[in-house]
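# Residue-level structure breakdown
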Amino acid sequence: MNYSSKESLQVKHVGVWLYSNSLMGTFLSLCFRLQYKQPSVVSGRTDVATVTPWLAPVVWEGTFEPELLDGVYRQKNVSIAVTVFAVGKYIRFLKDFLETAEQHFFVGFKVHVYVFTDRPAELPKVEMAAGRQLTVHPVPAAKRWQEISARRMEMIQRLIEETLLPGTDFIFCLDVDSKFHGRWGAESLGSLVAVVHPGYYKTERGGFPYERRPASRAYMAPGLGDFYYCGGAFGGDLHEVRLLAKTCRENFEADAKEGIEAAWQEESHLNRYMWLNKPSKVLSPEFLWQDFKPREREIHVVRFSGVVKNYAEIRPN
């Protein structure tokens, strides 16, 4: 995209093309690093925006130094929790998820995967490296896939409050019907971390599938919004994610009492929350691509992606 220098100072899109002048994005990214002494973003991309309007890094391949970051966080001996929901027929995706996570997700770090499933007897056997472990949390079966979606925030909140605090540093909440293809590591760490939805990262703000009914607590009025974030991958510091999960759960339950179900369930509530509480780090669509989509030229690496599947066959309704 080529705009005039005057236009380059304006927000043309609210997807990842926020600043058409990459020099402006690089300058703001440098200011962020100097202010917070965070070595996660380096000047290396001129084709995409590497900073948000509120000065949070947007992480792409070529915008960070893997060895430097890993060294910093390994010295801190950080631990990472992961939640994944393998309910009903979604259990079939768990083996690929776990095996590819062993190859690419925070390799060399302490990682604890928490699997929520109604089919614990079907748990696949996956050998995990030293310092990595898996815990199963049995959950009731669901008659509607929306019920699974609705319960996730409640279970994440409870896990943090009852099990993870204190002792765990970060948590990521990921969809099971996905697999890793490339490095996902310390570059993704932050206090509140969101992932730009691969289906809407070049879409104008008016085209985002926000909840548009004012009666819902997930409501986003026309003209509002930054990015459209996916519900299949988010995370951050335990305290921040706990607050996100608690708020989304309470709003979801309040809507339900009034007979309202947001357009995209917890994803709609997550987007409302992220609008009001800006994430400290935004991960590019590299961190949750879609296998049915051809790779765009700015996607140099696919790190994690949703697999192709037949929803009519795997969902209970």
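Values in this document were obtained by computation on a predicted structure and should not be read as measured data.

### Thoughts on the overall build of the protein chain
From N to C terminus, the protein chain includes seven helices and eleven strands. Per-residue burial over the protein chain gives 52% buried out of 317 residues. Sequence separation of at least 24 residues holds for 73% of the intrachain contacts in the protein chain that already meet a minimum separation of 6. Carbon and sulfur atoms make up 52% of the accessible area of the protein chain, which amounts to about 14,000 Å² in all.

### Let's talk about helix α6 (residues 265-276)
Along its twelve residues, α6 runs 18 Å from first to last C-alpha, staying within 8% of the 16 Å computed at 1.5 Å per residue. Across the twelve residues of α6, nine count as buried, placing the element largely inside the fold. Every buried residue of α6 is listed here: Gln265, Glu266, Glu267, Ser268, His269, Leu270, Asn271, Tyr273 and Met274.

### Considerations on empty space enclosed by the protein
Applying the stated criterion to the full structure yields two cavities of 30 Å³ or more. If you add up the space inside the second largest cavity, you get close to 40 Å³. As for the second largest cavity, its lining consists of Val82, Phe97, Ala101, Phe105, Val111, Val113, Arg132 and Phe180. Elements that contribute at least two residues to the lining of the second largest cavity include exactly α3 (94-104) and β3 (110-117). For the lining of the second largest cavity, the class distribution of residues is seven nonpolar, no polar and one charged.

### A few points about the nonpolar core
In this structure, Ile80, Phe97, Phe105, Phe106, Phe172, Leu174 and Trp184 are the most contacted members of the largest nonpolar core, which totals 40 residues. Looking at this core, the elements that each hand over two or more residues are α2 (66-75), β2 (79-85), α3, β3, β5 (170-174), β7 (192-196) and β8 (229-237). Non-local contacts of Phe105, meaning those with residues more than four positions away in its chain, are made with Ile80, Val82, Thr100, Val111, Arg132, Phe172, Leu174, Phe180 and Trp184.

### Digging into helix α5 (residues 238-257)
Its 20 residues give α5 an end-to-end C-alpha distance of 28 Å, which sits within 8% of 28 Å, the value for a rise of 1.5 Å per residue. Restricting attention to buried positions, one finds in α5 the residues Leu238, Val241, Leu244, Ala245, Cys248, Arg249, Phe252 and Asp255. Here the buried residues of α5 occupy an arc of 130 degrees about the axis, which is enough to place them on one side. Relative to its buried face, α5 has exposed residues pointing more than 90 degrees away, namely His239 and Lys257. For α5, the N-terminal capping position is held by Asp237, with its side-chain oxygen 2.9 Å away from the main-chain nitrogen of His239. Once α5 finishes, Gly259 follows within two positions and takes phi at roughly 75 degrees, a positive value.

### Some points on the UniProt feature "binding site: an alpha-L-fucosyl-(1->2)-beta-D-galactosyl derivative" (unreviewed entry) in the protein chain
UniProt records the feature "binding site: an alpha-L-fucosyl-(1->2)-beta-D-galactosyl derivative" (unreviewed entry) at His197 and Glu267, using the numbering of this structure. Spatial clustering of the annotated residues is evident: they stretch over 71 residues in sequence, but the largest pairwise C-alpha distance comes to 10.6 Å. Take His197: it is sitting in the loop between β7 and β8. Not counting residues up to four positions away in its chain, the partners in contact with His197 are Tyr228, Tyr229, Cys230, Glu267 and Gln290. Discounting chain neighbours no more than four positions away, the residues touching Glu267 are His197, Tyr228, Tyr229, Cys230 and Gly231.

### Remarks on the sheet that holds strand β4 (residues 132-138)
Taken in spatial order, the eight strands line up as β1-β9-β7-β8-β5-β2-β3-β4 in an open sheet, and their pairing is mixed. Of all strands in the sheet, those bounded by a partner on one side alone are β1 (58-59) and β4. The sheet contact formed by β3 and β4 spans seven bridges and is parallel. Bridge pairing in β4 places His112 opposite Gln133. Against the sheet, α6 makes contact with β7 and β8, and its axis sits at roughly 55 degrees relative to β8, the strand it touches most.

### Re the pattern of salt bridges
Counted under the stated rule, the structure contains 23 salt bridges. Residues Lys95 and Glu99 are paired through a salt bridge, measuring 2.5 Å at the closest nitrogen-oxygen approach. Note that Lys95 and Glu99 are positioned in helix α3 at a spacing of four residues, about one turn of the helix. Take Lys95: its relative accessible area is 39%, and that puts it in the partly exposed class. Taking the shortest distance from any N to any O, the salt bridge between Asp175 and Arg152 comes out at 2.9 Å.

Cut-offs used in this document
Residues numbered from 1 in each chain as written. Predicted model: local features only at pLDDT ≥ 70, side-chain atom pairs only at ≥ 80, totals over all residues. Heavy atoms only, no water. Helix = DSSP H or I, 4+ residues; strand = E, 2+ residues; numbered from the N terminus. Buried < 20%, exposed > 50% of the residue type's maximum accessible area, 1.4 Å probe, protein only. Contact = heavy atoms within 4.5 Å. Areas by Shrake-Rupley, 256 points an atom, 1.4 Å probe, with all protein chains shown as cover. Expected span 1.5 Å × (residues − 1). 1 Å grid on protein atoms, 1.4 Å probe; cavity = no way out; pocket = protein on both sides within 12 Å on 5 of 7 lines; lining within 4 Å. Points joined across faces, edges and corners; volume = space filled by probe spheres on them. Nonpolar A, V, L, I, M, F, W, Y, C, P; charged D, E, K, R; others polar. Core = buried A, V, L, I, M, F, W, Y, C linked by side-chain atoms within 4.5 Å. Arc of directions from axis to C-beta. Polar contact = N/O pair within 3.5 Å; in protein donor to acceptor, adjacent residues only side chain to side chain. UniProt positions renumbered as here; feature names shortened; annotations may be inferred. Pairing = 2+ DSSP bridges. Axes fitted to C-alpha atoms, helices over the stretch in contact; angles between N-to-C directions. Salt bridge = Lys/Arg side-chain N within 4 Å of Asp/Glu carboxyl O.

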